[in-house]
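# A structural walkthrough
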Amino acid sequence: MAAEEIPLVFEFAPAIAVLPALSLVVALFFGEYFPKKGAEAGILATAGSLVLSLIMLATVAGGQTVNHELYTLVLGVSEETFGLHLGILIDPLSALMLTIVSLISFLVHVFSMGYMNDEGETGLPRYYGELGLFTASMLAFVMADNILMAFMFFELVGLASYLLIGFWFRDAGPPSAAKKAFLVTRFGDYFFLVGVVGIFATFFPATSTPGMFAGEHAFPVVAEHALAGEATVNTFGFEPQTWFTILGLLVLGGVIGKSAQFPLHSWLPDAMEGPTPVSALIHAATMVAAGVYLVARMYGFYALSPTALGVIALTGGFTALFAATMGVVKQEIKQVLAYSTISQYGYIMLGLGGGGYVAAVFHLTTHAVFKALLFLGAGSVIIAMHHNENMWDMGGLKEKMPVTYYSFLSGSLALAGIIPFAGFWSKDEVLFETLVHGLGTPTASSTLLLIGYAFGLVAVFFTGFYTFRMVFLTFHGEPRTDTAEDPHGVRWNVKAPLAVLGVLAATVGFINMTPVAELTGAHIEFLHQWLDMAPEEYLTNVHHYTEVLETASHYEAAHISPLAPGAVSLALALGGAGLAYQLYGTAAHPEPHTEKLGSIRTLLMHNYYLDEFQVWLATGVTYRVARAANTFDQGVVDGVVNGVSSVSLFSGSRVRRIQSGVVSNYASLITLSLVLLIAFFGIMGGWF
Amino acid sequence: MMVEALLAVTLIGAAMTFLSDDEWAGRVAAGISVLPVVGSLWMYANFQNVGNALLSGSLAYETTIDWIQLGGYTIQWHVGVDGVSMPLIALSTVLTTLAIVSAWTPIDERQSQFYGLMLLMEASLIGVFSALDFFAWFVFWEGVLIPMYFLIAVWGGPRRKYAAIKFFVYTNVASLVMFLGFMALVFGLGDSITVLGLPEIAQALREPGNLSTFFGMSPGVLRLVAFTAMFAGFAVKVPVFPLHTWLPDAHVEAPTPVSVMLAGVLLKMGTYALLRFNFTMLQETAKANAALIATFGVVSVIYGAMLALAQKDLKRIVAYSSISSMGYVILGLVAFTPHGVGGATFQMISHGLISGLMFMAVGVIYNETHTRMVGDISGIADRMPWTVGIFLAAAFGYMGLPLMSGFIGEVLVFLGSFRSTVLPNAPLFTAAAMFGIVVVAGYLLWAMQRTLFGEYELATDYEVGRAPLHDVVPLAILLVLVIALGSSPGIAYNMIQRAVNPILNLAFALGGVL
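Keep in mind that this is a model prediction, so the values were computed, not measured.

### Description of the overall build of chain A
- Counting secondary structure elements, chain A contains 28 helices and two strands.
- Overall, the C-alpha framework of chain A stretches about 105 × 65 × 55 Å when taken along its three principal axes.
- Looking at chain A residue by residue over its 688 residues, the buried ones come to 62%.
- Taking as baseline every contact in chain A between residues at least 6 positions apart, the subset at least 24 positions apart corresponds to 79%.
- On chain A, roughly 23800 Å² of surface is accessible, and the fraction owed to carbon and sulfur atoms is 66%.
- For chain A, the distance from the average position of its 26 positive side-chain charges to the average position of its 48 negative side-chain charges is 18 Å.

Right, here's the structure in full:
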């Protein structure tokens with residue numbers, strides 16, 4: 001691989017991640033001396049990353065890709081064991097993701113000047129430094145060419161979000177939320193790391209590069225050969241497919257943690273304690289996106305296991321509905337958005353498990369745009385409301401902040417999935433792909449997929465409802481407080497990112513209009529074509545995945561028109577939005593209708609008591625076990641030690657003359673006895 | 001003659017420090033201790049040898065002189081350095097200098113004796129990691145204990161007497177048990193050895209038939225008895241569950257710079273000796289009992305971490321977490337795979353740096369607040385931002401954050417033990433030990449949330465300000481080392497791997513793209 005000629009342009013690929021890493025250093029150590037306290041470094045760096053990412057996108061479009069090792073962490077011993085490397089893989093998937101991440105990160109940096117600098121926050125060099133770390137880690141994760149490197153930067157993404165969620169460390173809430181975020185995702189990462197280690201142990205020595213994602217020697221490909229009986233791998237006594245399912249599910253642990261899927265989703269709503277621009281970054285392009293991106297990155301491996309796919313689809317579908325129901329009752333604008341993120345990533349998982357690789361990547365793309373938009377919009381509202389986030393204190397902001405309103409509306413239409421906004425196309429495709437594979441697949445997986453589909457479909461209604469409940473409560477009706485009456489103005493640095501994202505949220509769905517393509521026969525599924533462009537030898541293109549899904553997992557697509565399912569989901573979305581309009585959009589002073597739900601509302605407000613359950617697991621079980629272990633250690637283990645010593649002291653008390661009570665005498669006694677012992681052995685051994 | 005030069009400089013330095021004025025002793029000791037640092041780093045930089053000191057290959061800085069005749073045996077002055085001991089020697093010298101500088105603030109009485117003992121201990125440590133004759137090795141091994149005993153007993157906390165005597169008696173009894181086990185082996189070997197050199201004994205033991213019946217024990221039983229005795233003896237030092245209870249007491253009572261040395265280097269004596277004696281000389285026995293040994297390792301990891309979770313004293317938290325981290329070393333050694341043994345050795349170096357850093361950071365906070373109890377402090381991030389920043393980085397290093405040395409050590413151990421063919425059910429053992437990475441995050445993040453963050457409060461009557469520069473600089477140096485080893489592990493790992501390969505009957509060379 002090293003001998004391969006690498007196009008010059010890819011020599012600059014590492015800079016995409018290195019630039020934000022440099023901005024970490026510059027902002028952290030020299031930020032104080034800049035007028036914008038380090039924002040300059042971050043903006044320049046992410047702008048550079050964005051430009052380079054776009055160049056990569058163009059290069060990949062021109063048919064050139066790269067997949068090679070760059071840096072050796074640990075050398076391998078020839079024949080005996082493998083080395084550990086860092087490298088880059090730039091193919092259509094990673095080029096697309098690099099562009100998304102650097103774009104969102106750039107806009108978040110610009111927005112931060114409005115949200116943080118203009119609001120007189122302190123500690124800004126630290127803030128911009130941590131943003132740089134966050135961006136750099138995510139970008140490096142995206143272009144990782146092997147799963148160990150992916151894990152490494154996955155962890156660093158977790159560190160950066162810990163630091164940023166806990167940015168306001170002087171209050172009690174943020175440090176606690178930061179700890180929870182890191183700990184819950186670490187719990188998932190534990191399974192991920194076991195999976196990584198397992199993958200290396202399984203595919204070495206079948207391949208000398210067992211961790212690679214793409215190419216003939218990559219683990220998904222070797223696994224495929226092993227299933228076909230063309231390669232021998234170490235499956236630790238299991239059937240190959242069973243073992244690959246186990247490995248896939250282990251790695252999925254990390255995905256469920258980072259992408260906030262049930263049951264490891266609880267950290268994400270708490271993470272709202274961080275500054276709002278950080279939330280935008282976490283939800284749209286970095287932390288949470290990392291999980292599902294990983295599944296897409298190693299899709300060739302998951303496609304080998306119908307069980308793993310079924311688990312992904314079911315987890316995703318369930319999470320989509322589960323989170324959407326909680327979003328219905330929340331009172332704070334960011335809380336609603338947090339649950340919507342969990343729910344939307346559920347859709348992406350549903351798409352991946354349902355055999356819709358393109359659909360899932362599509363939804364990942366559109367969601368990145370509209371969720372960043374909604375969070376930045378919420379940030380704008382929060383600035384206006386003097387950091388009051390309760391929607392019941394808002395109302396009537398539509399006239400006062402039109403840029404925010406219209407861009408937020410664009411994002412909301414996309415989130416709710418209303419034609420022709422971005423979310424409609426992608427969510428519809430996710431549901432459609434799951435449905436056709438659920439109907440067409442002859443094996444037991446079909447039931448899992450159809451259940452997942454049903455969850456997802458019902459969630460569409462809830463999404464429409466909570467999204468427009470949020471819009472109406474925030475922007476419509478009469479102002480309900482003095483602050484809402486006279487909101488704080490926002491500047492260009494807030495409005496410009498909103499405008500850019502607002503336009504994108506309306507239009508980005510046009511990259512893959514499957515129903516229209518079906519209807520007109522035009523070849524306008526650009527994203528599908530794009531992702532299918534990965535070079536044959538990488539084996540990461542769409543038609544290869546489709547083939548693997550068919551042969552290994554027996555996924556087959558039923559031939560039905562996308563129009564009817566699309567119409568159903570659109571009708572549900574409109575139904576949810578319509579109900580929200582009925583309840584909250586017509587009156588000048590809407591009533592708190594969800595309170596009529598009574599005990600169901602209490603259940604939803606408490607997030608199905610899952611948080612309480614997890615706190616109980618941590619403090620009620622683990623901490624108690626730790627305390628018991630401590631008592632055992634002090635009482636029994638150390639007790640035996642002290643017991644032995646008091647017995648010897650007691651017997652020693654007969655020899656009063658030596659037992660002087662001065663500890664150092666014991667010490668010299670012991671040393672003396674050692675010397676005597678050596679002498680004894682010397683005589684025994686006949687040295688003298 | 002480099003090893004002898006290091007020893008001589010350190011011993012002369014110790015003498016000069018003992019004689020110097022209390023007021024200047026700290027500066028004198030720090031200045032002198034820079035010499036062995038420079039010397040060992042020069043040795044490190046010029047180290048190109050491959051092979052294992054006990055088995056085969058070329059040794060660096062080797063001296064062999066016949067010394068004393070004892071009966072049928074020749075006692076030699078035999079020192080030499082291989083890829084396992086070189087990083088440990090460098091770790092000892094660097095950590096000693098940094099610990100001495102970090103003692104400037106907290107040590108305010110009998111300074112000349114304190115710093116003199118620190119240098120005396122350093123000399124013994126260099127000796128332990130370079131001596132290749134059992135006699136000299138054992139003298140150095142015991143020679144570490146005596147300065148440590150006084151350092152705890154004189155400059156320690158309120159229960160220093162109890163902790164010091166517990167440390168001394170416990171580790172001395174352990175030495176005794178180990179000594180008995182080793183001597184039984186020597187006598188069992190009979191005439192097949194004429195010197196007490198470790199390489200000669202190791203090679204004699206690898207040849208079948210050399211070991212004869214001793215004290216009514218057949219060679220097989222003798223191996224098992226000797227292995228058990230030596231394992232128990234060294235396990236105290238590591239420490240391995242259930243022989244660990246001296247450690248938290250010693251750490252809590254010891255002054256911070258002494259804790260740095262205890263956790264940073266002294267614990268590694270145990271794993272170093274295990275590697276040299278149990279896992280090199282008697283590896284058939286180790287392989288046959290791999291599951292049992294791995295169980296001790298895994299229990300240490302999880303049990304130590306659970307105990308850390310229950311503690312309220314920051315120093316106790318770090319002390320118990322050392323037990324946890326050293327458990328990984330046991331697991332890696334017993335795997336008998338290149339990544340396992342190499343990773344375990346790398347983890348020794350890594351843990352030496354990270355635990356030293358962690359104890360120093362706790363010490364700096366203690367210097368300013370005069371308390372280490374979790375409930376007594378909160379929100380000091382505001383008052384000492386750089387110290388807290390480094391504390392945070394150290395804690396994440398402990399959690400095995402990538403690009404820091406702990407990650408490389410742990411991941412190599414996991415990669416190595418998962419693939420082990422010696423250890424039955426290796427994946428299950430590995431997965432069980434790996435759960436330590438969750439618990440460690442739990443107790444460190446929780447402790448940090450309560451002490452570093454939140455509103456500033458302090459239960460003691462001290463005004464917390466920024467720490468003096470000479471308190472923070474050692475922290476920064478250690479952090480740089482941790483990051484350097486984590487992002488460029490080859491600095492240490494390559495020589496380590498070349499030295500452990502003979503243990504696994506592998507060729508010396510590293511393959512792949514060089």
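### Some points on the overall build of chain B
- Helix and strand counts for chain B stand at 20 helices and four strands.
- Against the globule reference of 24 Å for 514 residues, chain B gives a C-alpha radius of gyration of 22 Å, in line with a compact fold.
- Looking at chain B as a whole, 70% of its 514 residues qualify as buried.
- Pairs at least 24 apart in sequence give 78% of the contacts found in chain B among residues at least 6 apart.
- Total accessible area on chain B stands at roughly 14700 Å², and carbon and sulfur atoms take up 65% of it.

### Some remarks on the pairing of strand E2 (residues 84-90) of chain A
Residues and elements named next belong to chain A.
- Within E2, seven of the seven residues are buried, which leaves it mostly tucked inside the rest of the structure.
- Examined bridge by bridge, strand E1 (residues 66-74) and E2 share seven bridges and lie antiparallel to one another. Residue pairing for E2: His68 is matched across the bridge by Ile88.

### Observations regarding the packing of aromatic side chains
Residue and element names in this part refer to chain B.
- The full count for this structure, using the stated rule, is 78 aromatic pairs over all chains.
- Ring centres of Trp67 and Phe135 lie 6.2 Å apart, and the angle between their planes is 80°; on these two criteria the pair is classed as edge-to-face. Pair noted here: Trp67 is in strand E1 (residues 60-70) and Phe135 is in helix H5 (residues 134-155), with a separation of 68 residues, a long-range link.
- Judged by relative accessible area, Trp67 falls into the partly exposed class, the value being 48%.

### Focus: the interface of chain B and chain A
- The partner chain A presents 70 residues to the 88 residues of chain B that form the contact.
- Together, the buried faces of chain B and chain A total about 6900 Å²; carbon and sulfur atoms form 76% of this surface.
- Ranking the residues of chain B by area buried against chain A places B:Leu415, B:Phe418 and B:Arg419 at the top, with a combined share of 9%.
- Connecting chain B to chain A are two salt bridges.
- Residue B:Asp382 pairs with A:Arg170 through a salt bridge whose shortest N-O separation is 2.7 Å.
- Taken together, chain B and chain A are joined by 20 residue pairs in polar contact (both at pLDDT 80 or more).

### Comments concerning the pattern of salt bridges
- Overall, the coordinates contain 15 salt bridges over all chains when judged by the stated rule.
- For B:Arg383, the salt bridge is made with B:Glu463, and the minimal N-O distance between the two is 3.1 Å. Placement of B:Arg383 in the loop between strand E3 (377-378) and helix H15 (385-398) and of B:Glu463 in the loop between strand E4 (457-458) and helix H19 (469-487) is noted, with a sequence separation of 80 residues between them.
- Exposure remark for B:Arg383: the relative accessible area of 29% places this residue in the partly exposed category.
- In this structure, a network of salt bridges that share partners links the residues A:Asp638, B:Lys166, B:Asp249 and B:Arg316.

### Here's the deal with the packing of helix H13 (residues 314-335) of chain B against helix H16 (residues 405-418) of chain B
Residue and element names in this part refer to chain B.
- Across the interface, H13 lies against H16 with an axial gap of 9 Å and an inter-helix angle of 40°. On the basis of the axis angle, H13 is oblique to H16. Crossing of H13 against H16: the hand is left-handed. From H13, Tyr328, Leu331, Gly332 and Ala335 reach across to H16, where they touch Glu410, Val413, Phe414, Gly416 and Ser417.

### As for the packing of helix H13 (residues 306-327) of chain A against helix H14 (residues 333-353) of chain A
All names here are of chain A.
- Contact geometry of H13 with H14 gives a least axis separation of 7 Å together with a crossing angle of 160°. Looking at the two axes, H13 sits roughly antiparallel to H14. In the crossing of H13 with H14, the sense of the turn from one axis to the other is left-handed. Together, Leu309, Ile312, Ala313, Gly316, Gly317, Thr319, Ala320, Ala323, Ala324, Met326 and Gly327 of H13 and Val336, Tyr339, Ile342, Ser343, Gly346, Tyr347, Met349, Leu350, Leu352 and Gly353 of H14 make up the contact between the two elements.
- When grouped by side-chain class, the residues that make up the contact of H13 with H14 number 14 nonpolar, seven polar and no charged.

Each value, and the rule that gives it
- Residues numbered from 1 in each chain as written.
- Chains lettered and ligands numbered in written order.
- Predicted model: local features only at pLDDT ≥ 70, side-chain atom pairs only at ≥ 80, totals over all residues.
- Heavy atoms only, no water.
- Helix = DSSP H or I, 4+ residues; strand = E, 2+ residues; numbered from the N terminus.
- Buried < 20%, exposed > 50% of the residue type's maximum accessible area, 1.4 Å probe, protein only.
- Contact = heavy atoms within 4.5 Å.
- Areas by Shrake-Rupley, 256 points an atom, 1.4 Å probe, with all protein chains shown as cover.
- Lys, Arg positive; Asp, Glu negative; His and termini not counted.
- Charge placed at Lys NZ, Arg CZ, Asp CG, Glu CD.
- Rg over C-alpha atoms; globule rule 2.2 N^0.38 Å.
- Pairing = 2+ DSSP bridges.
- Phe/Tyr/Trp six-rings, centres within 6.5 Å; stacked < 30°, edge-to-face > 60°.
- Buried area = accessible area lost by both parts, 1.4 Å probe.
- Salt bridge = Lys/Arg side-chain N within 4 Å of Asp/Glu carboxyl O.
- Polar contact = N/O pair within 3.5 Å; in protein donor to acceptor, adjacent residues only side chain to side chain.
- Axes fitted to C-alpha atoms, helices over the stretch in contact; angles between N-to-C directions.
- Parallel < 35°, antiparallel > 145°, perpendicular 65-115°, else oblique.
- Left-handed = near helix turned anticlockwise from the far one by under 90°.
- Nonpolar A, V, L, I, M, F, W, Y, C, P; charged D, E, K, R; others polar.

Coordinates in, geometry out; function isn't part of it.
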